[in-house]
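Chain by chain, the residues run as shown.
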Amino acid sequence: MSTPPHKIRTPDFDRLLPQRSLNPVQDLQMRIVTEESSKKRKLSVIEEEAQQEEENRLYRAVVGQAMLPLRETTDDIIHRLNSTPTKSSKRLLSFSTPTKERTYFFDSPVKSDYNSSPLPLEAQLILTSPRKPPRYISRTPYKVLDAPDLQDDFYLNLVDWSSTNVLGVGLGTCVYLWNAVTSRVVKLCDMASPGRGNSNTENVTSVSWMPTGSHIAVGTALGPVEIWDVHQSKQIRKMKGHIQRVGALSWNSYVVSSGGRDRMIYHRDIRSQNDYTAKLAGHRQEVCGLKWNPEGNQLASGGNDNKLLIWDRANDVPVHKFPHHTAAVKAIAWSPHSHGLLASGGGSQDKHIRFWNTTTGKALECYDTESQVCNLAWSRHANEIVSTHGYSQNQIILWKYPTMEQLAILKGHTLRVLYLSVSPDGENIVTGAGDETLRFWNVFNNGKKEKKRMTAFDIRSQIR
């Protein structure tokens, strides 16, 4: 019998003893890397939360760029990333009284722990928040008035809406007043009436209301400027100076400035016994645009010489001359939102709307409208401007300044839209054209529903 082979038993050990490295330098490097990793893992919970919050905020800002403006610029983000992050000032285990907001957020279903959406919370709140309904701008007028004998003349200004909600219109030799509340029409005056002593028929060439709405200035074809008291239907002044037609008028408190075909501008204080208190000579052709700024210290004038001039109230020499337009400058409008911001429009050979800073005398933006610019008016409630056009368009355009995005294009007139005025509440405009109609539009309504459209009627037939 043979003895069975002896079975070698492998000993059991309760721990593993690693073999010592043969390269002590490599071992030391591994130890250093391990210790640094350990230190990084030992960051405080508060620091980790602060770091995570910072990373999340940056992520939301970058991702949300397509949905809403960044709360910080790109330079700010780069500067913050390159700078050393500051440690949070929070203390561990500090006592604080829980608030309702924090308690609510802990149990909120939109908390990140329960959120399955890839979008950040801010983006989700924006997407789920109630939306403002889109702004509605009616493309049709809510009222149309027939205006026989409304002259088709680019250089005249025959329509103006008063602060008391009365529309003044020059039709041929007459001035009519239309009350926007009662629709009552009154003939204020007739330049061809017997007893006026005129050898020639004298057409009305411009009308402009005094800011109080109690008096109206009337420019005539022969040159005199008349001031009428509308409550008494009586002429109180007839001021001379111009030797040709007066196509532009603008009030500054008790002073009315007039511009004529004789290239002159006169300042007339109705409290003074003199026909005029100042005489300005700067244009080489007819003055067809005239507007005082809201502060009453600068006057802008436009002429058929393609020039736009800015006058100081106390001087008879223009402080700025803008020769950029290449056609007559009739359309002039001061911004009610930005001090010294002026808009002007050029005629058929220019077709541009230009913006100016009259404080510094610098030219700003310029936009090609592809049509003759007849009139301009700013919205009082928003940074918007409306323009009327002639030749090839015969339309009204509402623009968003300064991007000049077209918010609405209004059509209805069959000839060029020469006249424009804004209602006293700042929501409506009235436009007049060579087609002998006045059309009322609700363009500055901030999304309100349009008013009921009314049928056209003849202004002269409604006189009471």
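The shown structure was predicted, so the numbers you read here are calculated from the model rather than taken from an experiment.

1. What to know about the overall build of the chain
Across its full length, the chain carries five helices and 29 strands. Across the chain, every contact between residues at least 6 apart in sequence was considered, and the portion connecting residues at least 24 apart equals 48%. Summed over its atoms, the accessible surface of the chain is roughly 26800 Å², and 51% of this surface lies on carbon and sulfur atoms.

2. A word on the environment of Gly247
Tracing the backbone through its elements, the reader meets Gly247 in strand S10 (residues 246-252). Owing to a relative accessible area of 0%, Gly247 belongs among the buried residues under this scheme. Gly247 sits 40 residues away from Val207 along the chain, and the two C-alpha atoms are 8.7 Å apart. Setting aside chain neighbours within four positions, we find Gly247 in contact with Tyr155, Leu156, Asn157, Thr205, Ser206 and Gly259.

3. A word on the pairing of strand S16 (residues 308-312)
With four of five residues buried, S16 lies mostly within the body of the structure. Bridge analysis of strand S15 (residues 298-303) against S16 gives five bridges, and the strand direction is antiparallel. Bridging across to S16, Leu299 finds its partner in Trp311. Counting the residues that bridge the hairpin from S15 to S16 gives four residues, and of these Asn306 lies at a positive phi of roughly 70°. Examined bridge by bridge, S16 and strand S17 (residues 318-322) share four bridges and lie antiparallel to one another. Paired with Ile310 across the strands is His320, a residue of S17. Hairpin remark: S16 followed by S17, antiparallel, with five residues in the connecting loop.

4. Description of the pairing of strand S6 (residues 204-209)
Across the six residues that make up S6, a large majority, six, are buried. Bridge count between S6 and strand S7 (residues 215-220): five bridges; the pairing is antiparallel. Bridging across to S7, Val204 finds its partner in Thr220. The loop that links S6 with its antiparallel partner S7 comprises five residues; one of these, Gly213, has a positive phi angle of about 80°.

5. Points about the side chain of Thr369
Tracing the backbone through its elements, the reader meets Thr369 in the loop between strand S21 (362-368) and strand S22 (372-378). What makes Thr369 buried here is its relative accessible area of 6%. Within the structure, Thr369 has its side chain in polar contact with the backbone oxygen of Lys351 (distance 2.7 Å). Engagement of the side chain of Thr369 in a polar contact is seen with the backbone oxygen of Ser371, the distance being 2.9 Å. Apart from residues no more than four positions distant in its own chain, Thr369 is found in contact with Lys351, His352, Ile353, His389, Gln393 and Trp399.

6. Describing the packing of aromatic side chains
Counting across every chain of the model gives 10 aromatic pairs. Note on Tyr142 and Phe440: the rings are 6.1 Å apart at their centroids and 50° apart in plane angle, and the pair reads as tilted. You can see Tyr142 sitting in the loop between helix H5 (121-128) and strand S1 (143-146) and its partner Phe440 sitting in strand S28 (residues 437-441), a full 298 residues away along the chain. The same class applies to Tyr142 and to Phe440, which are both buried. Taking the ring centre of Phe154 as reference, the NZ or CZ of Lys330 above it sits at 5.5 Å.

7. What to know about the side chain of Arg439
Looking at the secondary structure, you find Arg439 in strand S28. Buried charge without a partner: Arg439 forms no salt bridge, and the closest opposite charge is Asp435, 4.5 Å away. Among the polar contacts made by the side chain of Arg439, one reaches the side chain of Thr437 at a distance of 3.4 Å. Sequence-distant contacts of Arg439, that is, excluding residues within four places in its chain, are made with Pro141, Lys143, Val144, Gly412, His413, Ile429, Val430 and Thr431.

8. Here's the deal with the UniProt feature "repeat: WD" (unreviewed entry) in the chain
On the UniProt side, "repeat: WD" (unreviewed entry) is annotated at positions that read residues 197-238, 280-312, 322-366 and 410-443 here. Secondary structure across residues 280-312 comprises 0% helix and 58% strand; the distance between its end C-alpha atoms is 11 Å. Helix and strand shares over residues 410-443 are 0% and 53% respectively, and the end C-alpha atoms of the span are 9 Å apart.

9. Quick word on the sheet that holds S10
Across the sheet, which stays open at both edges, the four strands sit in the order S10-S11-S12-S13 with antiparallel pairing between neighbours. A strand with exactly one partner marks an edge of an open sheet, and here the two such strands are S10 and strand S13 (278-281). Between one strand axis and the next, the sheet turns by 20° as a mean value, whatever way the strands run. Taken together, the four bridges between strand S12 (residues 264-269) and S13 define a ladder with antiparallel strand orientation. Bridging from a neighbouring strand, His267 pairs with Ala278 of S13.

Calculation notes
- The numbering scheme is per chain: residues are counted from 1 as the chain's sequence reads.
- Only residues with pLDDT of 70 or above have their local features reported here, since the model is predicted, and side-chain atom pairs are shown and tallied only from 80 upward, although totals for entire chains, interfaces and linings are computed over all residues.
- Excluded from the side-chain calculations are hydrogens and water; all other atoms, namely the structure's heavy atoms, are used.
- Secondary structure elements follow DSSP: runs of H or I of four or more residues count as helices, runs of E of two or more count as strands, with numbering from the N terminus.
- We call two residues in contact when some of their heavy atoms are within 4.5 Å.
- Only the protein chains shown count as cover for residues, and all accessible areas are computed by the Shrake-Rupley method using a 1.4 Å probe.
- A 1.4 Å probe rolled over the protein chains alone gives each residue an accessible area, and that area as a share of the maximum for its type sets the label: buried under 20%, exposed over 50%, partly exposed in between.
- If DSSP finds at least two bridges between two strands, the strands pair.
- Polar contact is the term for a pair of N or O atoms within 3.5 Å; when the atoms are in protein, one must be able to donate a hydrogen and the other to accept it, and sequence-neighboring residues count only if both atoms are side-chain atoms.
- Ring geometry is summarised as follows: Phe, Tyr and Trp rings, the Trp one being its six-membered ring, pair when their centres sit within 6.5 Å, and such pairs are stacked at plane angles under 30 degrees, edge-to-face over 60 and tilted between the two.
- Any Lys NZ or Arg CZ found within 6 Å of a ring centre and within 35 degrees of that ring's normal is scored as a charge over the ring.
- Only four residue types enter the tally: Lys and Arg on the positive side, Asp and Glu on the negative side; His and the chain ends are excluded.
- The working definition used for a salt bridge is a side-chain nitrogen of Lys or Arg within 4 Å of a carboxyl oxygen of Asp or Glu.
- UniProt positions are given in the numbering used here, feature names are shortened, and annotations may be inferred rather than shown by experiment.
- Every axis in this analysis is a line fitted to C-alpha atoms, fitted for helices over the stretch in contact. Angles between the N-to-C directions lie between 0 and 180 degrees.

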